[in-house]
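# A closer look at the structure
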Amino acid sequence: MKPIGKIYTDLPDKFGVPRQSGLVKDLTGKIVFEPEYSVKEAFEGIEEFSHLWILWEFSENVREKFSPTVRPPKLNGNKRKGVFATRSPFRANPIGLSCVKLEKIEYTKDKGTILYVSGIDMKNETPIYDIKPYITYTDSHPEAIQGFAENYKDYEIEVVFPEHLLDIIPSEKQAGIIGILKQDPRPAYQNDPDRIYGVKYMNFDVHFRVENHILTVIKIDTI
C-alpha cells in the first residue's frame, strides 16, 4: 500500500489529538492528494454523501515489536486490554480508521481535488491510504454493545479559558481548541494538579493545568 495523499490540520503534534473522530466536531482538515489520485473523475458522486470513512497511517506510532495488550487511556492507564479490543494507535499494522463529515469539495488547477472535512482526529500531514463513503444502513448499529467504552462516551471536563487568552485564538478556531481541552488530553495516569501541560494548536502553544476535574488555561505562547 502507499499513501494517496495527506490531511492538513491545526494539530502539529499528536498530543492533544482527540482519541476518536467526531468527538470534536469543530476540528477541521483538508485532504490534498497525490497527482495521480487527485483527478476529478475519482471523486465523481462523492458530494452525494455527508460523511466519509478515512483510512490513514499512525505515522508516529510505528513499533517494531508487536504487543498483544495495551493500556487504554480511559481505564486510567493501569488496566490492560487486548489490542484488538481497543482503538489504541499501537497496533499490529499502524492503520487508523476515522469517520468524518464532508464539508466541501474544491477543484483546483495546482493541487487538483481537495476535500475539506470536520470531526477529525489526525495530526497535521497524516498520510491517507483510502477514502470510502459512510452509509448509515450498513455502517450504523445503534443497538451495538460498546464494552468498557460505553462508560466514557459522554466524557468531558470543565474548561476555564480566560477571555483575554481565548481572544488570542482566531474566533473561527476557538471552538476547536475548547473541544480538545474538554476531552482532557493528559495521559490518564497523570493527575498532578500543579503540573503544567501544553497543547500545540495552529501556531499556538496552549498551557493549562487540571485540578478537581477542571481544566484552566493559564498561558498561550506563539510558536
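Details of the structure are given in the entry above.
Presented here is an overview of the structure given in this document. (Residues numbered from 1 in each chain as written. Predicted model: local features only at pLDDT ≥ 70, side-chain atom pairs only at ≥ 80, totals over all residues. Heavy atoms only, no water.)

## A few points about the sheet that holds strand β10 (residues 197–201)
Consider a sheet: its strands pair through backbone hydrogen bonds, and that pairing is either parallel or antiparallel. Let me state the cut-off plainly: Only strands that DSSP links by at least two bridges are regarded as paired with each other. In this description a helix means any DSSP run of H or I spanning at least four residues, a strand means any run of E spanning at least two, and both kinds are numbered starting from the N terminus. Every axis in this analysis is a line fitted to C-alpha atoms, fitted for helices over the stretch in contact. Angles between the N-to-C directions lie between 0 and 180 degrees. The contact rule is simple, with two residues in contact once any of their heavy atoms fall within 4.5 Å.
The four strands are arranged β9-β12-β11-β10 in an open sheet whose pairing can be described as mixed. Two strands in the sheet have a free side with no partner beyond their single neighbour: β9 (158–160) and β10. Geometrically, the sheet is characterised by an average inter-axis angle of 35° between neighbouring strands, direction not taken into account. Sheet strands touched by helix α3 (residues 174–182): β9, β10, β11 (204–211) and β12 (214–222). Its angle to β10, the strand with the most contacts, is close to 145°.

## Re the packing of aromatic side chains
Rule in force here: Classification of ring pairs uses Phe, Tyr and Trp, with its six-membered ring standing for Trp, and accepts pairs whose centres are within 6.5 Å; under 30 degrees between planes counts as stacked, over 60 as edge-to-face, and the remaining range as tilted. When a residue's accessible area, from a 1.4 Å probe over protein chains only, is under 20% of the maximum for its type it is buried; when over 50% it is exposed; and in between it is partly exposed. Charge over a ring is defined by NZ of Lys or CZ of Arg lying within 6 Å of the ring centre and within 35 degrees of the ring normal.
This structure, assessed with the given rule, holds five aromatic pairs. Note on Phe 66 and Phe 84: the rings are 6.1 Å apart at their centroids and 25° apart in plane angle, and the pair reads as stacked. Of the two residues, Phe 66 is situated in the loop between β3 (51–57) and β4 (69–70) and Phe 84 in the loop between β5 (81–82) and β6 (95–108); the sequence distance between them amounts to 18 residues. Assessed through its relative accessible area of 43%, Phe 66 is described here as partly exposed. Over the aromatic face of Tyr 107 sits the side chain of Lys 40, whose NZ or CZ is 4.8 Å from the ring centroid. Its guanidinium or amino end placed over the ring of Tyr 116, Lys 104 lies 4.5 Å from that ring's centre, counting from NZ or CZ.

## Let's talk about a positive patch on the surface
To be explicit about the condition: To count toward a patch, a residue needs a relative accessible area over 30% and no salt bridge; like charges are then connected within 9 Å, while nonpolar side chains (Val, Leu, Ile, Met, Phe, Trp, Tyr) are connected within 5 Å. All accessibility values rest on the Shrake-Rupley procedure with a 1.4 Å probe; residue burial counts only the protein chains present in the view. The working definition used for a salt bridge is a side-chain nitrogen of Lys or Arg within 4 Å of a carboxyl oxygen of Asp or Glu. The charge count includes Lys and Arg as positive and Asp and Glu as negative, but it does not include His or the ends of the chains. Note that the charge is assigned to NZ on lysines, CZ on arginines, CG on aspartates and CD on glutamates.
A cluster of basic side chains, namely Lys 14, Arg 63, Arg 71 and Arg 80, defines a positive patch on the protein surface. Relative to the helices and strands, Lys 14 is located in the loop between β1 (5–9) and β2 (28–33).

## A short note on the pairing of β10
Alternating residues of β10 divide into Tyr 197, Val 199 and Tyr 201, all buried, and Gly 198 and Lys 200, none buried. With five bridges connecting them, β10 and β11 associate as antiparallel partners. Bridge pairing links Gly 198 to His 207 in β11. Joining the antiparallel neighbours β10 and β11 is a turn of two residues, in which Met 202 adopts a positive phi near 55°.

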